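Residue-level structural notes
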Amino acid sequence: MLRISTDHWLLALRTVLAVWLALFLALRLDLYQPAWAILAVMIVTLQPVMFTGGTPPIGIILGRGVARFFGTLFGAIAGLVLIALFGQQPMLYLLFAGAWLAFCMYWVMLEQDEYLGYVMMLSGYTATLVSLTAIGTGVDGIWTVALGRFSETALGIGCGVLMHLLIAPRFGSRALPEALSQFLQSAAEETHAALDTPRPRDTQDARLKTLLGYYQQFEKLRGLTRLETRRLSHFIPALDRFASDSLALITAIRELETAIDYLRECEDGDRWLAQLNAHAAPLLTAIAEQPAGEPLEKLTLPNFEWDVDQVSPRSRVRAELVRQRLGEVLGLLQHGRRLRHALNDPAAAKMQTLPREKRTRTTHNEHFVARFNALRVFIAFELLGLFWVHSGWHSGYLAMMLLGVFTMLFAKAPNPAAVVYQFMWGSIAAVLLGGVLLFLVLPVINGFPLLAIAIGIPVMVGTLMTPHPRWSLIGLAGAITLMTLLNLQSTYNFSPTRYINGGLASVLGTIVAMTTYSLMQQRSPAERIRTLLSAYWQGVARLMREPTLPNRARLESRLYDRLGRIVALGGTDDTLREALDLHALALCVWRIRRLREELAPHRQELEAWLDDIGQRLIAHRHHSPEVWRQLSDQAREWVDRFYHEPRLSVATAGEIAMLGHLMREAPGVTLENRADNDAQAASLDRQATPPRQETPHVR
């Protein structure tokens, strides 16, 4: 038996009250199509529910509402332009309307900001909604249609946001300090455990995956601070900065664990590790026990005091490498603790030391994925449009409207065909229920209270279905289709033929969208991983060969963006470990290139070696472990040469040693093999496997 939680009942109450308020105001103001106001309430309220499984934070509602407002405004303007230019020329209209959809789709697939992408998504399909409605009902009324679409959407957004603010509002940003505390606590515990005792690789990978989960929770809540509260508004630059630093912290911990493992292989490694642990343990324990405690002065690890004649060069290099990485980890942890303490005490003096400017970010854009989705939308829109024009089917514009909505709305879903498949069943159910309401219930209703009850019951049912993954898409689809078919401004016009045509057009548009996704399938996760790895190798090769170094912040942001994509597509502990190793390798190369002035006697020879590695990386599609071991041995030979160079610092030799350690792990080999195997398996059963039912994911 399905149990309905209190949170879901409150969600249904907010939605129904918002729908009633929007319906009352739309009818009172005699707006063009009151169902559009109800539709705006349903989408703004219920679409985020599919991803949160319950009442979304008010910041998401506000962000989606504002984005929908501007997206609808820009889309309405674009619809006016399309009709003004091509209202009497169907073929040109199809060409340019499809081009607008493709352009917006291309932008949506590349845009990293969720709300700006949502604006472009709305701009794309709202333009077709407005222009196609005008074509279906009369081009002369285009201004009325555009104004009605915008005003009623704005009304629905306002009613939805108002009810979420008045009835048990949920502020996600209030959980931000605790999420930051969990991340800092987990990072400090992981660092302390790595220093304390040796652990198997599986344990390290699992702990890093947990740490990444805490980071993702912090990142999700950080995005709500701009929208939910002004109390944390002056922390936004510092929060944005630490979002980058926290990813650097995860990679630094991974490098630290690698360096510690190699230091333990030395006979006297435990001795130097114990010294570092003695200095770092009090701070790590304090951060783990009190992440929001009073930040201390920055801890600087002292230099080792050793007799060069008594300590082997290998031990000195590896111990110095551990000291460097541990110092980096401690610095990032102290930065996070200072920020966490300031969140509790904004007036503290430490607040003045927090960053005031956002860090520059650069993302990895998958242009092929964006171009493919744009082409897919354009082809589907043009083919269905040609059928509509040449068949003379008056209600065909409804099919094109839903095609535009579905192809834009679910392009980022892992399996959009399966999503639209569920929407198809929701649309069929909505057509049947809408017929009952339109021809049996609404004609006998007299007065607004009975109308509100008749509309409120299906709205409540759809709302209660949406939080459950199995039924969420059916519930939302039913709400969208039902509100599209119910012409509340002409409720008492008995026209079953028109309704049946509209229902068939709605189902047809859904089927065409599903067929489009099935025939023009997106690249599989394995193929995308392979493309990401290829881009990564090309980037590392450029880093090894170009005379000028890129800005580290921009390099890190692009690397971490690829890291997130690879982990999301792979989803295993091995994937996370290899992705971190890949990005640590790139940062290690950057550090070596930065120290090239210190390598003056060997600079040209070393850069030639790095250039040779870069050429190897891009010359081969597969990188075998044997080749990586050969490169690692070459790095060790460089370190052995640096042992006898008194002018070179131990830190410089340590960076070459770290590069050798990382290459010894053969980074990327498992990902490459898995991507190839998965791609072969997908090509064999792509047509044989029926679409799975799944819920789309949000970035």
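Parameters at a glance
- Residues numbered from 1 in each chain as written.
- Predicted model: local features only at pLDDT ≥ 70, side-chain atom pairs only at ≥ 80, totals over all residues.
- Heavy atoms only, no water.
- Helix = DSSP H or I, 4+ residues; strand = E, 2+ residues; numbered from the N terminus.
- Contact = heavy atoms within 4.5 Å.
- pLDDT = per-residue confidence, 0-100.
- Expected span 1.5 Å × (residues − 1).
- Buried < 20%, exposed > 50% of the residue type's maximum accessible area, 1.4 Å probe, protein only.
- Salt bridge = Lys/Arg side-chain N within 4 Å of Asp/Glu carboxyl O.
- Axes fitted to C-alpha atoms, helices over the stretch in contact; angles between N-to-C directions.
- Parallel < 35°, antiparallel > 145°, perpendicular 65-115°, else oblique.
- Left-handed = near helix turned anticlockwise from the far one by under 90°.
- Nonpolar A, V, L, I, M, F, W, Y, C, P; charged D, E, K, R; others polar.
- Phe/Tyr/Trp six-rings, centres within 6.5 Å; stacked < 30°, edge-to-face > 60°.
- Lys NZ or Arg CZ within 6 Å of the ring centre and 35° of its normal.
- Core = buried A, V, L, I, M, F, W, Y, C linked by side-chain atoms within 4.5 Å.
- Polar contact = N/O pair within 3.5 Å; in protein donor to acceptor, adjacent residues only side chain to side chain.

**Looking at the overall build of the protein**
- In terms of regular secondary structure, the protein is built from 26 helices and zero strands.
- Considering only contacts within the protein whose residues lie at least 6 apart along the sequence, 83% involve residues at least 24 apart.

**Considering the confidence of the model for the protein**
- Across the protein, the average pLDDT comes to 82, with 90% of residues at 70 or higher.
- For the protein, helix α18 (residues 472-485) is the element with the lowest average pLDDT, namely 68, and helix α5 (residues 90-110) is the one with the highest, namely 93.
- Under a pLDDT of 50 for its full length, residues 686-699 has, in the predicted model, 36 contacts with residues more than four places off or in other chains.

**Re helix α25 (residues 650-664)**
- For α25, spanning 15 residues, the distance from its first C-alpha to its last is 21 Å, which sits close to the expected 21 Å at 1.5 Å a residue.
- Among the 15 residues of α25, 12 are classified as buried, and the element is accordingly described as predominantly covered.
- Next to the buried residues of α25 lie α11 (236-264), α13 (313-344), α22 (573-594), α23 (603-619) and α24 (625-642).
- Note on α25: the residue one or two positions beyond its end, alanine 666, has a positive phi of about 50°.

**Overview of the pattern of salt bridges**
- Within the structure shown, the criterion is met by 29 salt bridges.
- Where aspartate 240 meets arginine 222, a salt bridge forms, and the shortest distance between an N and an O atom there is 2.0 Å. In this pair, aspartate 240 sits in helix α11 while arginine 222 sits in helix α9 (residues 201-222), placing the two residues 18 residues apart along the sequence.
- Classification of arginine 222 as buried rests on a relative accessible area of 9%.
- A salt bridge links glutamate 255 to arginine 325; the shortest N-O distance between them is 3.2 Å. Here glutamate 255, found in helix α11, pairs with arginine 325, found in helix α13; they are 70 residues apart in sequence, far enough to count as distant. The same class applies to glutamate 255 and to arginine 325, which are both buried.

**Observations regarding the packing of helix α20 (residues 525-545) against helix α21 (residues 552-570)**
- The contact between α20 and α21 brings their axes to 10 Å, and the two run at 160°. Considering the angle they form, α20 stands roughly antiparallel to α21. Considering how the two elements wind past one another, α20 and α21 form a crossing that is left-handed. Seen from α20, the contacting residues are Pro525, Arg528, Ile529, Leu532, Leu533, Ala535, Tyr536 and Leu543; seen from α21, they are Leu555, Leu559, Arg562, Arg565, Ile566, Leu569 and Gly570.
- Here the contact of α20 with α21 is built from residues that sort into 11 nonpolar, one polar and three charged.

**A closer look at the packing of aromatic side chains**
- Across all of its chains, the model carries 18 aromatic pairs by this definition.
- Geometrically, the ring pair formed by tyrosine 536 and tryptophan 537 is edge-to-face, given 5.2 Å between the ring centres and 65° between the ring planes. Tryptophan 537 shares its class with tyrosine 536; the two are buried.
- Among the aromatic residues, those joined into a ring-pair cluster are Phe69, Phe70, Phe74 and Phe150.
- One Lys or Arg, arginine 149, reaches over the ring of tryptophan 36 and ends 5.3 Å from the middle of that ring.
- In this structure, arginine 641 packs its charged tip against the face of tryptophan 638, placed 4.6 Å from the ring centre.

**What to know about unusual backbone geometry**
- Unusually for a residue other than glycine, aspartate 30 sits at a positive phi of about 55°.
- The topology assignment puts aspartate 30 in the loop between α1 (6-28) and α2 (34-46).
- For aspartate 30, a relative accessible area of 67% corresponds to the exposed category.
- Its identity is not glycine, yet alanine 666 carries a phi of approximately 50°, on the positive side.
- By the element assignment, alanine 666 lies in the loop between α25 and α26 (669-685).
- Judged by relative accessible area, which is 9%, alanine 666 ranks as buried.

**Digging into the nonpolar core**
- Ranked by internal contacts, the top residues of the largest apolar core, which has 107 residues, are Leu333, Trp609, Trp628 and Leu659.
- Per element, the largest residue contribution to this core is 13 residues, and it comes from α11.
- Leave out the neighbours within four places in its chain, and tryptophan 609 touches Leu631, Gln634, Ala635, Trp638, Leu659 and Met663.
- Counting residues in hydrophobic clusters, the runner-up holds 64 residues, among them Leu82, Met105, Ala399 and Met401.

**Topic: α20**
- In a regular helix each residue adds 1.5 Å, so 21 residues correspond to 30 Å; α20 covers 30 Å between its end C-alpha atoms and thus fits that length.
- Among all positions of α20, only Ala526, Ile529, Leu532, Leu533, Ala535, Tyr536, Trp537, Val540, Ala541, Leu543 and Met544 are buried.

**Here we look at the side chain of aspartate 7**
- Topologically, aspartate 7 is positioned in helix α1.
- The exposure class of aspartate 7 is buried, given its relative accessible area of 19%.
- At 3.0 Å, the side chain of aspartate 7 forms a polar contact with the side chain of arginine 170.

**Here we look at the side chain of glutamate 320**
- Within the element layout of this structure, glutamate 320 appears in helix α13.
- Judged by its relative accessible area of 12%, glutamate 320 is buried.
- Setting aside residues no more than four positions away along its own chain, glutamate 320 makes contact with Phe304, Val650 and Ala651.

**Remarks on the environment of arginine 64**
- Relative to the assigned elements, arginine 64 resides in helix α4 (residues 58-86).
- Residues arginine 64 and glutamine 47 lie 17 residues apart in sequence; the distance between their C-alpha atoms is 9.4 Å.

**Looking at the packing of α11 against α13**
- One way to put it is that α11 packs onto α13 with a least axis distance of 9 Å and a crossing angle of 155°. By the criterion of interaxial angle, the relationship of α11 to α13 is roughly antiparallel. Note that α11 runs across α13; the crossing there is left-handed.
- Its residues assigned to classes, the contact of α11 with α13 shows 20 nonpolar, three polar and six charged.

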